[in-house]
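# A look at the structure
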Amino acid sequence: MKKIISLIMCIAIAFCCCSCNGSIGANKKEKYSSSFLDLFDTASTVIAYDNSQEDFDSHFDEFYNKLKEYDHLYDIYNSYDGMNNLCTLNERAKDQAVKVDKRIIDLLEYGKEVYKTSNGMTNICFGAVLSLWHESREYSTNNPDKARLPDMKMLQQAKEHTDINSLVIDRENSTVYFSDPLLKLDVGAIAKGYAVEQVCKWAKENLWSSAAVSIGGNVYTFGYKNDDGKTLWNIGIENPDLSVQDYLVNVSITDLSVVTSGDYQRYYTVDGKKYCHIINPSTLMPSEYMASVSVICKDSGMGDALSTTLFNMPIDEGKRLVEELENTEAVWVDKEYNVTYSSGFKEYIKK
């Protein structure tokens, strides 16, 4: 999971500082917000226009509970009573086909699509490798004097069990089976964005006409700020150079998502060198191309996948991929904090 907490807080501040133009009329909805920390292991904020505080609170509860369902279904670390989730699959799908909720089938099939789009750079079946990094990161965080990297031989052996074709999905019967018993799922590169996309589309149809939702680096907007039918949402993208106080850039958008991946929030240190949490499937090591990548696109799930994919590519290669995709733009910040935009990104920069 990409825990970009300071980005979330900066976005929340940017939202709050964008005051309404003019007074709110009697028939105008007002702006309300609420934040939480307990879903998808990240800091989150919902800002929406509603008729009253009471209506917003009721609608927010519905939104939160819907997102919580996805959080539990897509959890690879914890199981829950009465539910077969991704943790269940990692435990049992090697032995037999496991029946799961349709939302898991949808996510896994989407993961296979992302694998093709990313040329294998984003692989939901990479869990055997990522679990070794997770174990080392957890141990090193708790024992900084003994910080360590995973053994490369073990990583290479684990890579032998990451074939996405070993993930057998039966949509008709809603079951999942691992034909390789050592396969493990890790959906951290897509699950949060995919869940945000599904829940926000539902919220747009059932709860609010205007909202901006930030779930740990995944920002989803619909409608208009002030609920006025014309004012775009202003989203501040954090600068990975934390010595700089200003945003990297501010974008004005609606009905679009902004998703960021970076190396400056989740990392650990071994022998004085920082290792980020995004692992390059080619090298089996933390990616070293970028400091951050932010993607603007229609679909938050694809934005989540692309931000990870682009983080693992040289900029020229990433730009070619972005230019092939419709309604998709990106901004890259390399290790020296040089900024590169895709061809249409600047159209979104706040004037």
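Residues numbered from 1 in each chain as written. Predicted model: local features only at pLDDT ≥ 70, side-chain atom pairs only at ≥ 80, totals over all residues. Heavy atoms only, no water.

### Let's talk about the sheet that holds strand β4 (residues 167-170)
Adjacent strands of a sheet form backbone hydrogen bonds with each other and so pair up, either parallel or antiparallel. Taken in spatial order, the 3 strands line up as β3-β5-β4 in an open sheet, and their pairing is antiparallel. Of all the strands in the sheet, the pair left with one neighbour each is β3 (98-99) and β4. Sheet topology note: the β3/strand β5 (residues 175-178) ladder contains 2 bridges and is antiparallel. Bridge pairing links Val98 to Val176 in β5. Sitting on the sheet, helix α4 (residues 102-117) is in contact with β4 and β5, with an inclination near 130° to β4. (Pairing = 2+ DSSP bridges. Helix = DSSP H or I, 4+ residues; strand = E, 2+ residues; numbered from the N terminus. Contact = heavy atoms within 4.5 Å. Axes fitted to C-alpha atoms, helices over the stretch in contact; angles between N-to-C directions.)

### Observations concerning the nonpolar core
Side chains of nonpolar character tend, in soluble globular proteins, to be buried together. Residues Phe63, Tyr74, Leu86, Leu89, Leu108 and Trp208 are the most contacted members of the largest nonpolar core, which totals 69 residues. Excluding residues that lie within four positions of it along the chain, Leu86 makes contacts with Leu73, Tyr74, Asp75, Ile76, Ile104, Leu107, Leu108, Leu185 and Val187. Counting 18 residues, the second largest nonpolar core, distinct from the first, contains Ile47, Tyr49, Ala212 and Val331. (Core = buried A, V, L, I, M, F, W, Y, C linked by side-chain atoms within 4.5 Å. Buried < 20%, exposed > 50% of the residue type's maximum accessible area, 1.4 Å probe, protein only.)

### Description of the layout of surface pockets
Taken as a whole, the second largest pocket spans an internal volume of roughly 290 Å³. Sort the elements by how many residues they give to the lining of the second largest pocket and strand β12 (residues 273-276) lands first, with 3 residues. Across the lining of the second largest pocket, the residue classes break down as 9 nonpolar, 1 polar and 4 charged. (1 Å grid on protein atoms, 1.4 Å probe; cavity = no way out; pocket = protein on both sides within 12 Å on 5 of 7 lines; lining within 4 Å. Points joined across faces, edges and corners; volume = space filled by probe spheres on them. Nonpolar A, V, L, I, M, F, W, Y, C, P; charged D, E, K, R; others polar.)

### Some thoughts on the packing of aromatic side chains
Evaluated as defined, the whole model comprises 14 aromatic pairs. For the pair Phe56 and Trp208, a centre-to-centre distance of 5.8 Å together with 25° between the ring planes defines the contact as stacked. Remark: Trp208 occurs in the loop between α7 (191-206) and β6 (211-215) and Phe56 occurs in helix α2 (residues 53-73); sequence separation between them is 152 residues. Through successive ring pairs, a cluster of aromatic residues spans Tyr32, Phe36, Phe56, Phe60, Phe63, Tyr64 and Trp208. Positioned above the aromatic ring of Tyr139 is the side chain of Arg148, whose terminal nitrogen or guanidinium carbon lies 3.9 Å from the ring centre. (Phe/Tyr/Trp six-rings, centres within 6.5 Å; stacked < 30°, edge-to-face > 60°. Lys NZ or Arg CZ within 6 Å of the ring centre and 35° of its normal.)

### A short note on the side chain of Ser294
Inspection of the secondary structure puts Ser294 in strand β13 (residues 290-297). For Ser294, the side chain forms a polar contact with the side chain of Thr260, separated by 2.6 Å. Non-local contacts of Ser294, meaning those with residues more than four positions away in its chain, are made with Ile237, Val259, Thr260, Glu329, Ala330 and Val331. (Polar contact = N/O pair within 3.5 Å; in protein donor to acceptor, adjacent residues only side chain to side chain.)

### A word on the sheet that holds strand β7 (residues 218-222)
Reading across the sheet, the 8 strands line up as β1-β2-β6-β7-β10-β13-β14-β15 and stay open at both edges, with antiparallel pairing between neighbours. Strand pairing shows two members of the sheet lacking a second neighbour, β1 (30-36) and β15 (339-341), which therefore form its edges. Averaged over neighbouring strand pairs, the angle between their axes works out to 10° when direction is ignored. Strand direction decides the pairing type here: strand β2 (residues 44-50) and β6, joined by 5 bridges, are antiparallel. Paired with Ile47 across the strands is Ala212, a residue of β6.

### Digging into α2
Residues separated by three or four positions in an α-helix point in the same direction, a consequence of the helix having 3.6 residues per turn. For α2, built from 21 residues, the straight-helix expectation of 30 Å at 1.5 Å per residue is met to within 8% by its first-to-last C-alpha distance of 30 Å. The complete set of buried residues in α2 reads Phe56, His59, Phe60, Phe63, Tyr64, Leu67, Tyr70, Asp71, His72 and Leu73. In this fold, the buried residues of α2 make contact with β1, β2, α3 (86-92), α4, α7 and β6. (Expected span 1.5 Å × (residues − 1).)

### Re the pattern of salt bridges
Under the criterion given, the structure shown has 9 salt bridges. The closest approach of N and O atoms between Lys335 and Asp263, which form a salt bridge, is 2.5 Å. With Lys335 in the loop between β14 (328-334) and β15 and Asp263 in the loop between β10 (257-262) and β11 (267-270), the pair connects residues that are 72 residues apart, well separated along the chain. With its nearest N and O atoms 2.9 Å apart, the salt bridge here joins Glu288 to Lys273. On the criterion of sequence distance, the pair formed by Glu288 in the loop between β12 and β13 and Lys273 in strand β12 is long-range, its members being 15 residues apart. It is possible to trace a salt-bridge network through shared partners that takes in Lys102, Asp106, Glu109 and Arg171. (Salt bridge = Lys/Arg side-chain N within 4 Å of Asp/Glu carboxyl O.)

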